[in-house]
Amino acid sequence: MTTIINQASLSDNLREHVNLSPAEPRKDLTRVVLTSGTLMNFNGGTKIYTLWSKLLRANGVDAHIATQDGSYDEWLVNPEPVISYADVQTLKSQGDQVRVLTAWLETPWLEQLVGAGKFYYLDAELAWTLRFRDKLDYYLNKNKIARIGTHSRYIQSWYMANYRIKPILINEWSDESVFYDDPSRRIPGRIGCMPDASPNDQKTFDFLADKARRYGRGAGLIRISGDERQVADLLRTVDIFVGLNPGKDEFWGEGCPRTQQEALHCGCALTAFDCLGNREYLYDNWTGLMVPSGDIEGLWRAVKSLLENTELKERLRANGKSIAKGLFSEANKYELVSSFLALGRDMKGERADGITKQELSSIFPRPFWLAEEEVPYLAGEAAEAGNTIVEIGCAYGGSATVFLLNKAEGVQVYSIDPFVPDSKGGVQATMDGCRYAVAQALRAERRDEALDDWHPIEGYSFDVVRSWEKRIDLLFIDGSHHYEDVRRDFEQWSRFLAADGRILLHDSRRDNIAEDPSDEKFSRGWMGPTRLADELKSSAEFELVDTCYSISVFVRKQTSA
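K.L.:
How would you summarise the packing of helix α10 (residues 258-265) against helix α12 (residues 310-327) if you had to cite specific residues and measurements?
P.N.:
Packing of α10 against α12 leaves a shortest axis separation of 8 Å and a crossing angle of 115 degrees. Considering the angle they form, α10 stands roughly perpendicular to α12. The element α10 and its partner α12 pack so that their crossing is left-handed. In this structure, α10 uses Q261, L264 and H265 to contact α12, whose residues at the interface are G320, K321, I323, A324 and K325. A per-class count over the contact of α10 with α12 returns three nonpolar, three polar and two charged.

K.L.:
Got a sec to walk through the sheet that holds strand β8 (residues 190-193)? Specific residues and values, please.
P.N.:
The sheet built from five strands is open, its strands ordered β9-β8-β10-β11-β12 with parallel pairing. Edge positions in the open sheet fall to β9 (220-223) and β12 (289-292), since each of these has one partner strand only. Neighbour-to-neighbour, the strand axes of the sheet open up by a mean angle of 25 degrees, direction not taken into account. As judged from the two bridges shared by β8 and strand β10 (residues 240-243), these two strands associate in the parallel manner. Opposite G192, over in β10, you have F241 as the bridge partner. α10 contacts β10 and β11 (269-274) of the sheet and is inclined by roughly 170 degrees relative to β10. Of the strands in this sheet, β8, β10, β11 and β12 touch helix α11 (residues 296-308), which is tilted by about 160 degrees from β11.

K.L.:
Tell me about the environment of A498, and please be specific about residues and values.
P.N.:
For A498, the position within the fold is in strand β17 (residues 497-505). Judged by its relative accessible area of 12%, A498 falls in the buried class. The spatial distance from the C-alpha of A498 to the C-alpha of K470 is 9.3 Å, given a sequence separation of 28 residues. Dropping the residues within four chain positions of it, A498 is found in contact with R471, I472 and D473.

K.L.:
Go over the sheet that holds strand β19 (residues 551-556), please, and point to the residues and values.
P.N.:
What links the strands of a sheet is backbone hydrogen bonding, and the strands pair in either a parallel or an antiparallel sense. Here seven strands make up an open sheet; going across it, the order is β15-β14-β13-β16-β17-β19-β18 and the pairing mixed. Whereas interior strands pair on both sides, the edge strands pair on one side only; in this sheet they are β15 (454-458) and β18 (542-548). Between one strand and the next, the sheet's axes are offset by a mean angle of 20 degrees, whatever the strand orientation. Across the face of the sheet, helix α16 (residues 398-406) comes into contact with β13 (388-392), β14 (412-417), β15 and β16 (472-477) while running at roughly 170 degrees to β13.

K.L.:
Please give an account of the packing of aromatic side chains that cites residues and values.
P.N.:
The description of two aromatic rings rests on the distance between their centres and on the angle between their planes. Tallying each qualifying case throughout the model produces 20 aromatic pairs. Between the aromatic rings of F119 and Y139, the centroid separation amounts to 5.0 Å while the plane-to-plane angle is 85 degrees, which identifies the pairing as edge-to-face. Of this pair, F119 sits in strand β5 (residues 119-123) while Y139 sits in helix α6 (residues 133-141), and the two are 20 residues apart along the sequence. Assigned by exposure class, F119 and Y139 land together as buried. Plain terms: the ring middles of Y120 and F340 are 5.7 Å apart, the flat faces sit at 75 degrees to each other, and that makes the pair edge-to-face. Here Y120, found in strand β5, pairs with F340, found in helix α13 (residues 333-340); they are 220 residues apart in sequence, far enough to count as distant.

The rules we used
Chains are numbered independently. Their residues run from 1 in the order of the written sequence. With the structure being a predicted model, the display of local features is reserved for residues of pLDDT at least 70 and the display and counting of side-chain atom pairs for 80 or more, all residues being used for whole-chain, interface and lining totals. The side-chain quantities take in all heavy atoms of the structure and omit both hydrogens and water. Lines are fitted to the C-alpha atoms to define the axes, a helix being fitted only along its stretch in contact, and any angle between axes, read from their N-to-C directions, falls within 0 to 180 degrees. The way it works is that DSSP assigns letters per residue, a run of H or I at least four long becomes a helix, a run of E at least two long becomes a strand, and they are numbered from the N terminus. Roughly parallel covers angles under 35 degrees, roughly antiparallel covers those over 145, roughly perpendicular covers 65 to 115, and oblique covers all other angles. Each crossing is labelled by how the near helix is turned from the far one, with a counterclockwise turn of less than a right angle marking it left-handed and a clockwise turn marking it right-handed. A contact between two residues is defined here by any heavy atoms of the two lying within 4.5 Å. Ten residues, namely Ala, Val, Leu, Ile, Met, Phe, Trp, Tyr, Cys and Pro, are considered nonpolar, four, namely Asp, Glu, Lys and Arg, are considered charged, and the remaining ones, Gly among them, are considered polar. The rule for pairing is simple: two strands pair if DSSP sees at least two bridges between them. Burial classes: relative accessible area under 20% of the type maximum marks a residue as buried, over 50% as exposed, and values in between as partly exposed (1.4 Å probe, protein chains only). Classification of ring pairs uses Phe, Tyr and Trp, with its six-membered ring standing for Trp, and accepts pairs whose centres are within 6.5 Å; under 30 degrees between planes counts as stacked, over 60 as edge-to-face, and the remaining range as tilted.

Right under this line is the structure:
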């Protein structure tokens, strides 16, 4: 893993865009990093990162585009800050959460950048996913993807059919300060398109140019190219925009061609090939004219019909602008994006098959002390754990029940508790009461067999650890909350953590650790666990990779080979 850099080595670009106080670094701050390793000019993926960063920053989230070396050739009207991978490691060294998002499975050094955590994947082009499907399988098998999102319903359907995963749907949007309609600049009869370097696009462009020239009557075809400002300025002069993209994949077609959406924002009447992706917003004879993919003769006939039927052209223009404004607008997108990235909730996001607090309350006959956000989070952690889950402190067995109901087949759960009065109150569970509550909950879910994988141990954790030998994949520390006790539990039991194991420290995110220690009011944690979590953020051995309400998640740092 890249060597962690201290704050003194922040790059000039990072200093310009990040406000960090050397004396009082900001704790538990969530930052979003969007990356493909490098940024290509005139590339839709680069626009995605820029638009997401702009949206997040406008809503108070620290977002950055990152390239390996921090370089980027500016070609967008409103570029966003670009930092280097070394800068990202610097941010992580401050104790901040860093959520990494990529739309490119081939991102170089992605695993080193993410470290022991996970990344968010936005699949914007299934043709490339199919080309690099081995990468997708690898990251899914390694459990490195926190969430998958897409801007296309057919891509969403592909994941549901092939992986039983339903990506979150996040419609694309355009920078409407750049792409907007100005009817005074529109030239009647001007036809515009953006051919790429492929022979087929050039063939289609030449064919349409010849047809327009022969047609006469003010018709003419222009090639739209250049940086974003030049493209937008030219689009505003275009009467009819022709989408030349037949789809990168013979069957799956194109994701959701961005230039055609930008043309709609600029008031162009649209005609394009029929391919998946286009069908999600181009409704034939309503928002544009659709032509069978590859039928260049049909493409010209569609253009000709618009040249000759002003009423049709203006109706399509108005409907196209309307759908662009409603579907491809920045308005209301932040809620989708923040939900996808689990911002403001300090959690990876809900798992579709994870139990909720309400569901647990309905089947569990005893009290339990887990926040609403924490129940599905623990369910997800259990589902991803390897062979052994150990919890220190189980009381009546609420967390044990969550682990048992959501773990994979064969995974063993060990619950260690001396069953003495709770360190933060007068509650005192018993072994019999704990067994009864867990058994009742499992029986209610018809999961009695899970009891065979549960091993409650009555005893102090510091005694049990003396004879412990198993590797631990998930360690949930929720025993005594006095600082000395919770530190001892962490130090003694973390020695058994598997290489890719995770430690969940409960009640460790008190809102203000500087409060009077005599204040025993619960506030997302208690003083002892919170103090330990705060100290571990600067640990040379462990790394904070996630949080959920009062839970802090630590893993061992990866070391360079």
